[in-house]
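# Results of the structural survey
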Amino acid sequence: MTHDSSAGPCIHAEIAPKLNFACHQSAFPFLRRLQVENGAEETFLENVQVHLLADPGFLKPKTWHLDRIPPQGSVTVSDRDVQLDGRFLLGLTEAMRGTVTLRAEAGGEVLAESTHDVELLAHNEWGGAGFMPELLAAFCVPNDRAVDRILRDAADVLRRAGKSDAIDGYQAGSRARVWEIASAIYAAIANLGLAYALPPTSFERDGQKIRLPGQILDGGVGTCLDTTLLFAAALEQAGLNPVIALPEGHAVVGVWLQPEDLTAIVIDEAETLRKREQLQELIFIETTAVTHHPAVSFTQATRAASRTLAPENDASFCAAVDIRRA
């Protein structure tokens, strides 16, 4: 089969620049766009096979069959489901570079080829709000055994304060009750005596490795994102709806005072959060306040979080992720 080499076929593809095990677990769209263009003036392209290959083998090879592409025309592939190799991604303890190659062939002849670099992240590494903000929710793990310990301690805090020790979410239908539960969770985590670890630069955009609750309790240290996800897991297990906000270089947790959520999984404006906070529907907690010794009060921790979401910081605000929606 011949084709006009002066304006030959061309592959247009858009591929996620980062990939981790959480992508495999949450049907993350890896191949966002695939189009094969025939730039020839007069020649039809017929029986074209487009092959997808990865090195190393972090995804299963795939082939698409395109019947016919007219001159100066193109075909957009709608079936972009790609099978990621979960076992391979789960086994990554450090990030590594991978490549994806898309090759169009017809009659045994290579018509076009395009290669894309992919950063393969460690299984416990989040890729940042710049690439995968919604996947932050995959690192909120309410069923971790360490979270049960925190909720048991929170129930003790409530009992000692003469309150009901039931960790019953929104069942009381009272904002004051949600505040009490969140405050007790704060006290329980503060009592762990955690130390603060400095996060990597620009982690909120570029990502970082994340310590899960059990690791935080075992090691006794956490970055602001680690402690924020620990709080989010405890709040979710307590039947409450958490939100994670990412101001520049930082992370804070929010909790809805009534059973609500944001209108989208990810929002990029702090003003939306402030409005809901002013309506007393949402509060934010500075989670690193639990690493101060002695820890500051819960009320002080909520005020500190509010300051990070102040209007003067809007230009550098990164994103907020609604955990329940995600």
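These lines cover the structure that appears in this document, whether it is placed above or below. All residue numbers refer to position in the chain's written sequence, counted from 1. Under the rules for a predicted model, residues below a pLDDT of 70 receive no local features and side-chain atom pairs below 80 are neither given nor counted, while totals for whole chains, interfaces and linings still include all residues. Side-chain measures were taken over the full set of non-hydrogen atoms in the model, leaving aside hydrogen atoms and water.

## So, the environment of Ala104
The test is simple: Numbered from the N terminus, helices here are DSSP runs of H or I no shorter than four residues, and strands are runs of E no shorter than two. Residues are treated as being in contact if the distance between any of their heavy atoms lies within 4.5 Å.
If you trace the backbone, Ala104 turns up in strand β7 (residues 96-106). Along the backbone, Ala104 and Trp64 are 40 residues apart, and their C-alpha atoms lie at a distance of 9.3 Å. Setting aside residues up to four positions removed in sequence, Ala104 forms contacts with Ile11, Val48, Gln49, Val50, Glu109, Val110, Leu111 and Ala112.

## Overview of helix α8 (residues 270-278)
The condition that has to hold: Think of it in three bands: residues with accessible area under 20% of the maximum for their type are buried, residues over 50% are exposed, and the middle band is partly exposed, with areas taken using a 1.4 Å probe on protein chains only. Throughout, the arc means that of the directions going from the helix axis to the C-beta atoms.
Along α8, the residues that are buried comprise Ala270, Leu273, Arg274, Arg276 and Glu277. On an axial view of α8, the arc spanned by its buried residues comes to 165°, and they lie on one face. Elements that come into contact with the buried residues of α8 comprise β13 (242-246), β14 (252-256), β15 (266-267), β16 (282-285), α9 (298-308) and β17 (319-322). At the exit of α8 stands Gln280, carrying a positive phi of roughly 55°.

## Things to note about the pattern of salt bridges
Our working rule: Salt bridge, as used here: a side-chain nitrogen of Lys or Arg that lies within 4 Å of a carboxyl oxygen of Asp or Glu.
Inspection of every chain in the model, using the stated rule, returns 16 salt bridges. A salt bridge links Glu46 to Arg68, with the shortest nitrogen-to-oxygen separation between them at 2.9 Å. With a gap of 22 residues between them, Glu46 in strand β4 (residues 45-55) and Arg68 in strand β5 (residues 62-69) connect regions that are remote in the sequence. For Arg325, the salt bridge identified is with Asp261, shortest N-O distance 3.6 Å.

## Comments concerning the pairing of strand β8 (residues 109-120)
Definition in use: Any two strands with at least two DSSP-identified bridges between them are counted as paired.
With 2 bridges joining them, strand β2 (residues 18-19) and β8 adopt parallel strand pairing. Residue pairing in the sheet places Leu19 in a bridge with Leu120 of β8. As paired strands, β7 and β8 are joined by 11 bridges and run antiparallel to one another. The partner of Ala104 across the bridge, within β8, is Ala112. Counted between consecutive antiparallel strands, the loop separating β7 from β8 contains 2 residues, among which Gly107 sits at a positive phi close to 55°.

## Some words on the sheet that holds β13
Hydrogen bonds between backbone groups are what pair the strands of a sheet, and the pairing can be parallel or antiparallel. This is how it is decided: For helices, the fitted axis covers only the stretch in contact; all axes are lines through C-alpha atoms, and the angles between them, taken along N-to-C directions, range from 0 to 180 degrees.
Pairing is antiparallel across the open sheet formed by 5 strands, whose spatial order is β15-β17-β13-β14-β16. Whereas interior strands pair on both sides, the edge strands pair on one side only; in this sheet they are β15 and β16. As paired elements, β15 and β17 share 2 bridges and run antiparallel to each other. The residue of β17 that forms the bridge with Ile267 is Ala320. The strands touched by α8 are β13, β14, β15, β16 and β17; relative to β16, the strand with the most contacts, the crossing angle is about 115°. Packed onto the sheet, α9 meets β14 and β16 and runs at close to 95° relative to β16.

## As for helix α3 (residues 145-160)
Keep this limit in mind: To estimate how far a helix should reach, multiply one less than its number of residues by 1.5 Å. Any pair of N or O atoms that falls within 3.5 Å is considered a polar contact. Within protein, one atom must be able to donate a hydrogen and the other to accept it, and sequence-neighbouring residues count only if both atoms are side-chain atoms.
With 16 residues, α3 extends 23 Å from end C-alpha to end C-alpha; this agrees with the ideal 22 Å at 1.5 Å per step. Taken together, the buried positions of α3 are occupied by Ala146, Val147, Ile150, Leu151, Ala154, Ala155, Val157 and Leu158. Along its buried surface, α3 packs onto α4 (175-190), α6 (213-219) and α7 (224-237). Of the residues that open α3, the one with a side-chain oxygen 2.9 Å from the backbone nitrogen of Ala146 is Asp144. Two residues or fewer past α3, Gly162 is found with a positive phi of approximately 75°.

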